[in-house]
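# Summary of structural features
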Amino acid sequence: MSELITAIAATARPLLVALDFDGTLAPLQDDPSASRIIPAGVDVLARVAARPDVSLALVSGRALHDLHALAEVPEGTFLIGSHGAERARVTRFGLDRDVVQLTDDEADRLASLGARAAGLVRGKDGVWVETKPTAVVVHTRLAQDEDRQEAEAAALALGAELGSGVLHGKDVVEISVLHASKGEALAALRDELGARSVLFAGDDTTDERAFEVLGDGDVTIKVGPGDSLARHRVGSADELVEALTTLV
Ligand SMILES: O=P(O)(O)OC[C@H]1O[C@H](O[C@H]2O[C@H](CO)[C@@H](O)[C@H](O)[C@H]2O)[C@H](O)[C@@H](O)[C@@H]1O
């Protein structure tokens, strides 16, 4: 932890603090609608965002409207949703957002994906489908091993057939009709803001795309166990929030 705190203190300014949501700020839940940022996180993010030399962003796989509803972040926060396919900024009047426009082919494939995914989960206990503006997600957190393996294999095959991008995260297979990644979205936001350094924290394999685009002067933090390109590691959302207090 002390190495991480030293690295955070040494970041060049302006600094972009970009954080994943599920598993990073909000402990994982069986029901995604029950996810909440930990209370200490709400407070520290408000204080981080108030710093004149720091910008705050959440970079999530969540659909943007979902992320906005769950993340209690202050005005000015950038929200990147659907793994980079959606983007907005929080204002006092609501979200200032870029609306995703699907082509006819993408819209048709999304509709087919929804129908085919619904078919592949039928009869499998604990497997269900979440739909997003650019993707469908097959969730397997509550399934027993056999149903989980079958559902994930079928979802990956469906993704190869109809998707433009497939991500295999924690108990989810996400099939998108757009090419998007947290890495591309984070690099674009960094350029736009002219940030001299970036702090990014994430817990899942999908966050590795963001770690990939960061360099020596940046701070990369893996939350929890698992292989990672990140230089630093914390055990939980509480530890991450504790480290972020260094900024304020
Ligand atoms: O990029 P993230 O902010 O980590 O979002 C990734 C996915 O998060 C949600 O699923 C994950 O969290 C759920 C609630 O804790 C959990 O039940 C599920 O197993 C996790 O994979 C969300 O439902 C997905 O749409 C996001 O893409």
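Residues numbered from 1 in each chain as written. Predicted model: local features only at pLDDT ≥ 70, side-chain atom pairs only at ≥ 80, totals over all residues.

In terms of helices and strands, the protein chain carries eight helices and twelve strands. When the backbone C-alpha atoms are referred to their principal axes, the protein chain occupies close to 50 × 35 × 30 Å. In the protein chain, which comprises 248 residues, the share counted as buried stands at 47%. Considering only residue pairs separated by 6 or more positions, the protein chain has 54% of its internal contacts joining residues 24 or more positions apart. (Helix = DSSP H or I, 4+ residues; strand = E, 2+ residues; numbered from the N terminus. Buried ≥ 20, exposed ≤ 12 C-beta atoms within 10 Å, placed from the backbone. Contact = placed C-beta atoms within 7 Å.)

If you walk across this open sheet you meet the eight strands as β5-β4-β3-β2-β1-β10-β11-β12, and the pairing is mixed. Each edge of the sheet is formed by a strand with only one pairing partner; in this case those strands are β5 (94–98) and β12 (232–234). Within this sheet the neighbouring strands show an average axis-to-axis angle of 20 degrees, counted without direction. Where strand β4 (residues 86–91) meets β5, five bridges bridge the pair, whose relative direction is antiparallel. Looking at β5, one finds that valine 90 is bridged to leucine 95. (Pairing = 2+ DSSP bridges. Axes fitted to C-alpha atoms, helices over the stretch in contact; angles between N-to-C directions.)

Moving on to the confidence of the model for the protein chain. Summarising the model, the protein chain shows a mean pLDDT of 97, and 100% of its residues fall at 70 or more. Scoring of the predicted complex yields 0.97 for pTM and 0.98 for ipTM. (pLDDT = per-residue confidence, 0-100.)

What follows covers the nonpolar core. Membership of the largest hydrophobic core comes to 72 residues, with the highest contact counts inside it found for Ala18, Ala57, Leu58, Val59, Val138, Phe200 and Leu240. Not counting the four nearest positions on each side in its chain, leucine 240 is found in contact with Thr24, Ala201, Ile221, Val223 and Val234. (Core = buried A, V, L, I, M, F, W, Y, C linked by C-beta atoms within 7 Å.)

Around the ligand, the structure places 23 residues, and the nearest of them are Phe21, Asp22, Pro32, Ser60 and Gly61. Those elements that provide at least two residues to the shell around the ligand are β7 (135–139) and β9 (172–176). Counting contributing residues per domain, the shell around the ligand is built from domain 1 (2–100 + 180–247) and domain 2 (104–176), each supplying no fewer than three. (Near = placed C-beta within 6 Å. Domains from an automatic or database assignment.)

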